[in-house]
Structure formats: structure tokens, C-alpha cells
There are 2 protein chains.
Amino acid sequence: MTEPVLFDRVALIGIGLIGSSLARALKAAGLVREIAIFDASAEARTAATELGLGRVESSLAAAVAGADLVVLATPIGTYAELGPELASGLKPGATLTDVGSVKQAVIRDLGPHVPEGVHFIPGHPIAGTEHSGPRAGFAELFRGRWLILTPVPGTDPEAVTRLKFLWERVGSMVEIMEPGHHDQVLAITSHLPHLIAYTIVDTATQLETSTQSEVIKFSASGFRDFTRIAASDPTMWRDIFLNNREAVLEILGRFTEDLTALQRAIRWGEGDKLFETFTRTREVRRGIIDAKQA
Amino acid sequence: MTEPVLFDRVALIGIGLIGSSLARALKAAGLVREIAIFDASAEARTAATELGLGRVESSLAAAVAGADLVVLATPIGTYAELGPELASGLKPGATLTDVGSVKQAVIRDLGPHVPEGVHFIPGHPIAGTEHSGPRAGFAELFRGRWLILTPVPGTDPEAVTRLKFLWERVGSMVEIMEPGHHDQVLAITSHLPHLIAYTIVDTATQLETSTQSEVIKFSASGFRDFTRIAASDPTMWRDIFLNNREAVLEILGRFTEDLTALQRAIRWGEGDKLFETFTRTREVRRGIIDAKQA
């Protein structure tokens, strides 16, 4: 509790896994004086109250009123609708950020509504689990994980630094990135892996019932790892794919080409081609272990 | 050391992750009186000697001579070549098993060479890690994991029971299955997930160098889980794809259809279709958690 207070009043809009983890982390670090919370779901609001995450309000306007920092942590498909109401409640000098997994669409949907004098700094914590909702959150979620900020040109550097400090204090390593580049990098590291995991699990659900139960029984042989990813929040992921369409379709095209090449190698018994590919990919794992992200 | 000895002399051919884990587990459980080891790699033989895994022989014939149980634990691509030499050394009443991930091809390659009076019982432990080699093994690898036996018609039930007992004593749960069905189930639970993981990691290696380092940096967002699978032994996996071609191509065809449907939904902004799929796949994860295979 010896940390300096970075923001007097913080409003968290959306209190799912990320929102509730941030509330817990901010409280634990004593970084803010007050946390106001709003979530469109009455069930989530009740949970937030029971968990003592902050002052739970029953309207967006009441939560945002007087806030020095507003963190939008709802599925990105809601941003276009929330934008106008949110913007009208922001006080001059306040900072508006978010935690959405796509950044160009967020700037498109929120940017036009942000009033003069408010610092709009989109953000994205590369952290999460396959669980969702306020009860799934925990204060350590951001520890040792990356947080990407994608400020738009002309943003006050001091405001960026203050937000960067906040995320660092809850354990994140912060990187500044251009929004379009963010969306491309995340398309390969996150969006495509999720799409593929969802697909393979869905393919399995369409097998005959007897085989399905065996798929579950013998899932430890590889399939299991995909089911964890494919258990992620459906609303959040629908919105990600709809809002990062170009980058996802582009990387998916490359993936399909590569998969078709391997398929052909299997069909024609080209063992050398398979061996070369499988040797190359092994190196990437070593890179991740060396980068301490394993 | 109070367990009854099930086999007097066991020969382990191939002392990689699986072979060395089995050697350790058999020793720890006191299930066999002697373990003889052969591996074509001098480096692996040296490691096996240093690790004290058993009596290391410099020829296949010397390891197999007098064995009551022979466990073939080399990449399945070697079976066709090893078959004749192996078979000639088997004594009447001995059991020959293996740990390969494909079963029809194993029966095709080894079956014809097995002499009258030898019990040929193909097997497959659903256990492993992304590490390979004798030093990667550990005695607990099979604990709580499935082991599938695919005996050919006419196999002595007593011999099957004895081998089943052996695997159960090292912690496995044993299932008897028809070889062709085994290959289909494993194509979806194991072979397709590995093929896809190899592909996505390979797609990433072909991005520009600057993006590649970012892929590693931000890999915690999904990609990381695939790199672990894509770090598996290249020789073993080349052989699996070449030897389970039909089943892999069939399930890969279904997967590609499903992926194309999701790709189309993304392109045309069909959010409902995405949401439905992502909700369905979530249920599968629950099934795996309920089956205690998570």
C-alpha cells in the first residue's frame, strides 16, 4: 500500500475475467483510490458486489462520472454502441483505455466519440484463461505477461506513461505498437490458433457418437490442448473474428496453403518434406523457451 | 519389489522417451528380472548405460536372445526393416509387442515375420511429452494414461492378459481395440492435432523476421500451446503420417471443410454461425474435464 496513487477514480466497464482481475490487481497494489464498476449483466454486477471488487453501479453513466481512468473491458462488438454514452460522461483530462484483442476496429468505433481533452489510449493485455466471468478473475493474471498499448498519433506522452506505469505495477511488461501491426501479429499468435482449435474440436463433435466418447477418452494425445483453447468465451471470440477480418483471412490463407502442401506430401509419401517441416518447427519452440514465454 | 515377476527377461528395442520410461517403470515396480536394451544409435546406447536402464547390447540379436517379452519402441518406419531380424531371434512362447502410434501398418509390417508360437500383441501407450531421447524418460509417464492393445484375431487370451497386467502395474489403464478403429480414433485425437500444430508454427516461421520475433514474444495468447506439440520428434511423426495416410487424409478433409465454412462466416460477417460453433465446442471441454483427462 506504499505505491503512489496513479489515478484517483477508476471506472471498469465490464467485469469479466479481465475486468475483475484488474480490479483485484489494482486493489492489491493500492494504485487507485476508488474503483467504480458497471456491467450490463445483472448477474455479473451481483458477483462483483459479492466479491467486493468495487462500487458497483447500475448504469454506465454513474460508473463513468468523475472517473480519471475508464477501462472498457466488454466484448469489442459492444464498443460501437457504448461509444456515444461513454464519451458524453468522460471528464476533461481523463484517460480512456480498453482491453480488446483487436485495435484498429476499436479506434474506428470509439475514436470519433472521444471528446477533446480526453486521452484515448487503446490497450491489450496478452493474458487470459479459458474461463470467463467475474469469479474467474485473479490478481496475478497480468504478472509476467505483455500488455500492448496502441496510442493514436498526437496522444499526450505523459498520459501514455501514466497508463504504462499502471500496467507495469500490476506485473505487465508494456510494449507500444502501431494498431495495424498489432492486429497482424495477433492474427497469427492468437486469432488463427483459436480459429483452428475451435474448428478441430467442432470436427470431432460431428463424428459418430461412439467415436466421440473415445475422442474424449484418448484426448491426452494432442486433442486435449485444443479443447482448452476452444473453451474460450464465444461472444468475445465472435467479435474478434468479425473485427479483425482482413488480417485473419490473410493469415488463414497462408495457413491453408501450408496445410495443403503437407496434405499433398502425406498423400504422395514425401517423407523428406514432412521431416524438414517438423524439424524447422521444433526450433520455434526453443525460441519461446529462450524468451521465457513457455 | 513385492510384485510377482511377470516376465523373466524383457528386451527393449529403442530407448527413446517411451522405451526409457518403460525401463524405469519396470525397474521401479520390480516386474521383470532382467532388461536388455538395444538402440541403433550409439549415443542412445551410451545414455542408457549411464542411466543404468538395463543390460545394453550392441546388436538387436543379442538383446532379443532369450527374451520372454520384446517391446519394439523405435519409429514405426523402421519396423519393416527390423521385422525379419527381430523375428528370427524370438523364442517360442515369447510375446512381441510395440508402442507405435499406428496399428494397422504395424500388423502389416511385422505380422508376416512373427514365427508360430510367438504372441504378437501390438500396443500403443497414449502418453508422451514433447521431449525425446533416453534422458527425457521418467517412470511415471504411463501413470493414469491409457494404453491400447490391438491383438490380431486368434491371439492367446492369456498372453494378452499378462501384457495387460504389465501395463497396468506401471500405471496405465488398458483398452482392447480393433486396429483399424484405433487408427481412426487416433487420427482425430492425435495425428490431426499434430499436423495442424506443425502447420501453424511453420506458417509463422515464414513471416518476415521482425514479425517472427514478435510471434515468439506474444506467443502466450494461443500460439504457444501449438509450439509445444510442434516440438515433438520429427522422425516419429513423419512415420506416423506416412503409415496412417488414409485415416489422416479422411479426417483432414472433414477439418478443411469445417474450416472453410468458418472462413466464409468470417468473410460474410455471419456472427451467429461463429457464436453457435464456439458454444458447441465449449461443451467438449467440459466432457474432458468430467472424464478427468484435462
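Whatever comes next refers back to the structure up there.
Residues numbered from 1 in each chain as written. Chains lettered and ligands numbered in written order. Predicted model: local features only at pLDDT ≥ 70, side-chain atom pairs only at ≥ 80, totals over all residues. Heavy atoms only, no water.

Some points on the relation of the copies chain A and chain B
Each copy of the sequence occupies a distinct position, and chain A is placed on chain B by a rotation of 180 degrees and an axial shift of 0.0 Å, giving an RMSD of 0.0 Å. With respect to symmetry, the two chain copies, as superposed, fit the operation of a two-fold axis. Closest to the rotation axis within chain A is the C-alpha of D225 of chain A, separated from it by 3.5 Å. (Least-squares fit on C-alpha atoms with pLDDT ≥ 70 in both.)

Some details on the side chain of D98 of chain B
Residues and elements named next belong to chain B. Within the secondary structure, D98 is located in strand β5 (residues 95-98). A polar side-chain atom of D98 sits 3.0 Å from the main-chain amide nitrogen of G100. Looking at D98, its side chain comes within polar contact range of the main-chain nitrogen of G123, at 3.1 Å. With sequence-adjacent residues up to four places away left out, D98 is seen in contact with L72, Y79, K103, V106, I121, P122, G123 and H124. (Helix = DSSP H or I, 4+ residues; strand = E, 2+ residues; numbered from the N terminus. Polar contact = N/O pair within 3.5 Å; in protein donor to acceptor, adjacent residues only side chain to side chain. Contact = heavy atoms within 4.5 Å.)

Describing the packing of aromatic side chains
The final tally for this structure, using the stated rule, is 11 aromatic pairs over all chains. Centroid distance F142 of chain A to W167 of chain A: 5.1 Å. Interplanar angle 75 degrees. Geometry classified as edge-to-face. With F142 of chain A in the loop between β7 (123-125) and β8 (146-149) and W167 of chain A in helix α6 (residues 157-169), the pair connects residues that are 25 residues apart, well separated along the chain. With respect to class, F142 of chain A is no different from W167 of chain A; both count as buried. In this structure an aromatic cluster arises from ring pairing among Y198, W237 and F241 of chain A together with F278 of chain B. Geometry around F165 of chain B places R169 of chain B over its ring, the cationic atom sitting 5.3 Å from the centre. (Phe/Tyr/Trp six-rings, centres within 6.5 Å; stacked < 30°, edge-to-face > 60°. Buried < 20%, exposed > 50% of the residue type's maximum accessible area, 1.4 Å probe, protein only. Lys NZ or Arg CZ within 6 Å of the ring centre and 35° of its normal.)

Some points on the nonpolar core
Formed by 115 residues in total, the largest nonpolar core has its most connected members in I13 and F255 of chain A together with I13 and F255 of chain B. With residues up to four places along the chain from it excluded, the contact list for I13 of chain A reads F38, L60, A63, V64, V70, V71, L72, A73, T74 and L86 of chain A. With 36 residues, the next largest nonpolar core counts L12, A29, L69 and A136 of chain A among its residues. (Core = buried A, V, L, I, M, F, W, Y, C linked by side-chain atoms within 4.5 Å.)

What about the interface of chain A and chain B?
On the side of chain B, 89 residues touch chain A, which itself brings 89 residues to the contact. Interface of chain A and chain B: buried area, both sides summed, is about 8,600 Å²; carbon and sulfur atoms make up 70% of it. Summed over the shared surface of chain A and chain B, the number is 8 salt bridges. Residues R280 of chain A and D202 of chain B are paired through a salt bridge, measuring 2.8 Å at the closest nitrogen-oxygen approach. Joining chain A to chain B, the criterion identifies 26 residue pairs in polar contact (both at pLDDT 80 or more). Put simply, the parts of the chain that give the side of chain A that touches chain B at least two residues each are β8, α7 (179-205), α8 (209-217), α9 (223-229), α10 (234-243), α11 (245-267) and α12 (271-290) of chain A. For the side of chain A that touches chain B, the element with the highest residue contribution is α7 of chain A, accounting for 19 residues. (Buried area = accessible area lost by both parts, 1.4 Å probe. Salt bridge = Lys/Arg side-chain N within 4 Å of Asp/Glu carboxyl O.)

Observations concerning the sheet that holds strand β9 (residues 173-176) of chain A
Residue and element names in this part refer to chain A. Strand order in the open sheet formed by 3 strands is β7-β8-β9, and the pairing between neighbours is mixed. A single partner strand is all that each edge strand has here, and the edge strands are β7 and β9. Between one strand and the next, the sheet's axes are offset by a mean angle of 20 degrees, whatever the strand orientation. Looking at chain direction, β8 and β9 are connected through 4 bridges and run parallel. Counterpart to L147 in the pairing with β9 is V174. (Pairing = 2+ DSSP bridges. Axes fitted to C-alpha atoms, helices over the stretch in contact; angles between N-to-C directions.)

Section: helix α8 (residues 209-217) of chain B
All buried positions along α8 of chain B are accounted for by T211, E214, V215 and I216 of chain B. Where α8 of chain B is buried, its residues contact α7 and α12 of chain A together with α7 (179-205) and α9 (223-229) of chain B.

Brief notes about the side chain of S190 of chain B
With respect to the secondary-structure elements, S190 of chain B resides in helix α7. Beyond its immediate chain neighbours, meaning those up to four positions away, S190 of chain B contacts S221 of chain A together with W237 of chain B.

Describing the environment of E130 of chain B
All names here are of chain B. As for its position among the elements, E130 is in the loop between β7 (123-125) and β8 (146-149). Here the alpha-carbon distance between E130 and T227, two residues 97 residues apart in the chain, equals 9.5 Å. Polar contacts involving the side chain of E130 include one to the side chain of R228, which spans 3.4 Å.

Digging into the environment of D258 of chain B
Positionally, D258 of chain B belongs in helix α11 (residues 245-267). Contact partners of D258 of chain B, with chain neighbours within four places excluded, come to T199, D202, T203 and Q206 of chain A.

Let's talk about the pairing of strand β4 (residues 69-72) of chain A
All names here are of chain A. Side chains L69 and V71 project from β4 onto one buried face, and the interleaved V70 and L72 project onto a second face that is buried too. When strand β1 (residues 7-13) meets β4, the two strands line up parallel, connected through 4 bridges. Each residue of the ladder has a partner; that of L12, found in β4, is V71. Here β4 runs beside strand β5 (residues 95-98); their pairing, made up of 4 bridges, is parallel. Paired with L69 across the bridge in β5 is T95. Handedness of the crossover is the feature at issue here: the chain leaves β4, passes through helix α4 (residues 79-89), returns alongside β5, and the resulting connection is right-handed. (Right-handed = clockwise from strand over helix to strand, strands pointing away.)

Distances and angles like these do not, on their own, reveal function.
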